[in-house]
Amino acid sequence: MSTEQNQGARILLVDDDTSLLKLLAIRIESKGYQVTTCESGMAALQLLKNNVFDAVVTDLRMDEMDGMALHRQLQSRYPALPVIMMTAHGSIPDAVEATKQGIFAFLTKPVDKDELFDSLAKAIEIHGLGADENSKSSNIVTRSGAMLHLLEQVKLLGPTHVNVLISGASGTGKELLANAIHQYSHASEGPFVAINCGAVPGELLESELFGHKKGAFTGAVKDHQGLFQQAQGGTLFLDEIGDMPLNLQVKLLRVLQEKTIRPVGFQEEIPIDVRIVSATHKNLPDAIANQQFREDLYYRLNVVNLKLPPLRERREDVSLLAQYFSASIAKRMNQKEKRFTNDAMHALVRHDWPGNIRQLQNVVEQVVALTPGEVISVQLVESALNSNESNIEPLSLNDAKKEFERDYVINTLKMAGGNVAEGAKLAKRNRSDFYKLIKKHNIDVDNII
Ligand SMILES: Nc1ncnc2c1ncn2[C@@H]1O[C@H](COP(=O)(O)OP(=O)(O)OP(=O)(O)O)[C@@H](O)[C@H]1O
């Protein structure tokens, strides 16, 4: 890590030897760090209550609370905070034991300044900068500049009631961000209701969203309240909006314009007061160009667009999230929190995370479950990364083509209102060719709308 990247990193320096404290502070500040000093473990804990630090450098031998006791306190209160311990020559505890306890580095006094700078730079490279205050008010764990900027926008947007479209790859935290928008809105006391439009078959989605009357169709054995009504006075999160069938897109647009819904089989309109946050991993302008998404609906939903970066573009969040997930498991299972060795953490930070935060969460769950002691090894992390990656099998080119062709025919038929001749025209194919495609993919034309 370069000196420029250290700018702003906040170091808490603890030593009861005041002259050494001053000297070390000047040295560390000369490298571009911000240094806060204090003379006891208790004072350090007090400072940590109201300030965020990125690393702690502490003396081992101190009266009342020594460096190890301070470290134990820090470990339970701030597990992601790296601790560098300084000690007089000859009193270094067994290095293996020290690493097991999660101490980032042991330095002998008199401290070699290059060794100190190396340890600090490495600690901040691996652990990144501390989570920011802004992220604490939502459930979003982050210290990434891009994410903190997004959270600032969320704070501003929350109370405005405008529709927000979140774009980002799978597992980047779209639902969590949608929930943060809700938390910052005036309707935060109201319900937050989420639906994945891609996971519900088209024919069911309409009644899921708008509800239905008993007997409106076969299987409608009683009145059903739709999600719009369930979200009344709150927020409705429409995940994977790009997968919504075209006929429903028309209905949704009408709802957004009229601010009323009509459950299937109902005669009367019901007024609704619901804020819409939607999300997609698809490129909607492309879907519009391919006539798979309505442009007018896009502009209604996309009053403001928030883009969630993939995890590999905010690597500074990896260690924070990994420790957060490990701590959450410990809390859930009522166990002691398991810690990663420096090498294990480095392996996580270097990884590319195609499945983003959800994948990181899976890997952490896996390694925590397979670690008998308290320290998670690099070997275990590497094997979890390998097995996890091989689970995400890419489609073969042939399968991808088949999938695309099938979706294309279905969407074209939808646009043609289920009329095969019209569909063939839109696809610029003759009718018998288009029929062959319908047969090849086993598409039920009668139920296409
Ligand atoms: N910054 C974060 N801090 C803590 N947990 C997070 C964060 N981002 C995501 N998660 C967790 O990761 C998991 C995936 O997040 P989420 O469901 O919000 O992603 P998504 O983008 O909506 O995924 P998909 O596109 O697959 O629906 C969830 O368990 C969520 O709580």
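Reading guide: rules and limits
- Residues numbered from 1 in each chain as written.
- Predicted model: local features only at pLDDT ≥ 70, side-chain atom pairs only at ≥ 80, totals over all residues.
- Helix = DSSP H or I, 4+ residues; strand = E, 2+ residues; numbered from the N terminus.
- Buried ≥ 20, exposed ≤ 12 C-beta atoms within 10 Å, placed from the backbone.
- Pairing = 2+ DSSP bridges.
- Axes fitted to C-alpha atoms, helices over the stretch in contact; angles between N-to-C directions.
- Near = placed C-beta within 6 Å.
- Domains from an automatic or database assignment.
- Parallel < 35°, antiparallel > 145°, perpendicular 65-115°, else oblique.
- Left-handed = near helix turned anticlockwise from the far one by under 90°.
- Contact = placed C-beta atoms within 7 Å.
- Nonpolar A, V, L, I, M, F, W, Y, C, P; charged D, E, K, R; others polar.
- Core = buried A, V, L, I, M, F, W, Y, C linked by C-beta atoms within 7 Å.
- UniProt positions renumbered as here; feature names shortened; annotations may be inferred.

Trainee: An account of the overall build of the protein chain is needed here, citing residue identities and associated values.
Mentor: Summing up its helical and strand segments, the protein chain has 21 helices and 16 strands in all. Looking at the protein chain as a whole, 35% of its 449 residues are labelled buried.

Trainee: Any details on the sheet that holds strand 13 (residues 275–280)? Residues and values, ideally.
Mentor: Here we have five strands laid out as an open sheet, ordered 7-10-13-6-14, and parallel in their pairing. Either end of the sheet is taken by a strand with one partner, and the two such strands are strand 7 (192–196) and strand 14 (304–307). Each neighbouring strand pair of the sheet contributes to a mean axis angle of 20°, computed without reference to strand direction. Inspection of the sheet shows strand 6 (residues 164–167) paired to strand 14 by four bridges, in the parallel sense. Bridge pairing in strand 14 links Ser167 to Lys307.

Trainee: Tell me about the site of the ligand, residues and numbers included.
Mentor: Around the ligand lies a shell of 17 residues, among which Val141, Gly173, Lys174, Glu175 and Ile357 are the nearest. Those elements that place two or more of their residues in the shell around the ligand are helix 9 (174–183) and helix 17 (356–370). Looking at which domains feed residues into the shell around the ligand, each of domain 2 (134–307) and domain 3 (312–391) gives three or more.

Trainee: Would you mind going over the packing of helix 15 (residues 318–333) against helix 17 in detail, with residue names and values included?
Mentor: One can describe the packing of helix 15 onto helix 17 by two numbers: an axis separation of 9 Å at closest approach and a directional angle of 50°. If you check the angle between helix 15 and helix 17, you find them oblique. As for the relative orientation of helix 15 and helix 17, their crossing is right-handed in sense. In this structure, helix 15 uses Val318, Leu321, Ala322, Phe325, Ser326 and Ile329 to contact helix 17, whose residues at the interface are Ile357, Leu360, Gln361, Val364, Glu365 and Val368. In terms of residue class, the contact of helix 15 with helix 17 is made up of nine nonpolar, two polar and one charged.

Trainee: Describe the nonpolar core, naming the residues involved and giving the relevant values.
Mentor: If you look at the biggest cluster of nonpolar residues, it comprises 59 residues, and the most contacted ones within it are Ile166, Leu177 and Leu360. If you tally residues by element for this core, the top one is helix 17, at six residues. Viewed by domain, this core spans two of them, domain 2 (134–307) and domain 3 (312–391), each represented by three or more residues. Once residues lying within four places of it in the same chain are set aside, the contact partners of Ile166 are Lys174, Leu177, Ala178, Val277, Ala279, Leu306 and Leu308. The next biggest cluster of nonpolar side chains, apart from the first, holds 29 residues, and it includes Leu12, Tyr33, Phe53 and Ala123.

Trainee: Could you give me a rundown of the UniProt feature "modified residue: 4-aspartylphosphate" (unreviewed entry) in the protein chain, with the residues and numbers involved?
Mentor: With numbering aligned to this structure, UniProt lists the feature "modified residue: 4-aspartylphosphate" (unreviewed entry) at Asp59. Locating Asp59 in the fold gives a position in strand 3 (residues 55–59). Here Asp59 falls in the buried class, since 25 other C-beta atoms lie within 10 Å of it. With residues up to four places along the chain from it excluded, the contact list for Asp59 reads Val14, Asp15, Asp16, Gly67 and Met86.

Trainee: If you had to explain the packing of helix 15 against helix 16 (residues 342–350) to someone new, which residues and values would you point to?
Mentor: For any two helices packed against each other, the geometry is given by the interaxial angle and the distance between the axes. Between helix 15 and helix 16, the least distance of the axes is 9 Å, while the angle of their chain directions is 120°. Of the possible angle classes, the one that applies to helix 15 and helix 16 is oblique. As for how helix 15 packs across helix 16, the hand of that crossing is right-handed. In contact with Val318, Ser319 and Ala322 of helix 15, helix 16 contributes Met345, Leu348 and Val349. Grouping the constituent residues of the contact of helix 15 with helix 16 by class yields five nonpolar, one polar and no charged.

Trainee: An account of the sheet that holds strand 5 (residues 105–109) is needed here, citing residue identities and associated values.
Mentor: Spatial strand order, 2-1-3-4-5: five strands in an open sheet with parallel pairing. The outermost strands of the open sheet, each flanked by one partner alone, are strand 2 (34–38) and strand 5. Neighbour-to-neighbour, the strand axes of the sheet open up by a mean angle of 20°, direction not taken into account. The pairing of strand 1 (residues 10–14) with strand 2 spans five bridges and is classified as parallel. In the sheet register, Val14 faces strand 2, and the bridge partner there is Cys38.

Trainee: Describe unusual backbone geometry, listing the residues and the values that go with them.
Mentor: Backbone torsion omega between Lys109 and Pro110 reads -5°, so that peptide bond is classified as cis. You can see Pro110 is positioned in the loop between strand 5 and helix 6 (113–127). For Glu64, which is not a glycine, the phi torsion comes out positive at approximately 60°. Structurally, Glu64 can be placed in the loop between strand 3 and helix 4 (67–77). One non-glycine residue, Asn356, lies in positive phi territory at about 55°. Checked against the element boundaries, Asn356 lands in helix 17. Its 21 C-beta neighbours within 10 Å are what place Asn356 among the buried residues.

Trainee: Let's hear about the environment of Thr235: which residues, and what values?
Mentor: Position of Thr235 relative to the elements: it lies in strand 10 (residues 235–239). Sequence spacing of Thr235 and His161 is 74 residues, and the spatial spacing of their C-alpha atoms is 9.4 Å. The contact partners of Thr235, leaving out residues within four places of it in the chain, are His182, Ser185, Ala187, Phe192, Arg275 and Val277.

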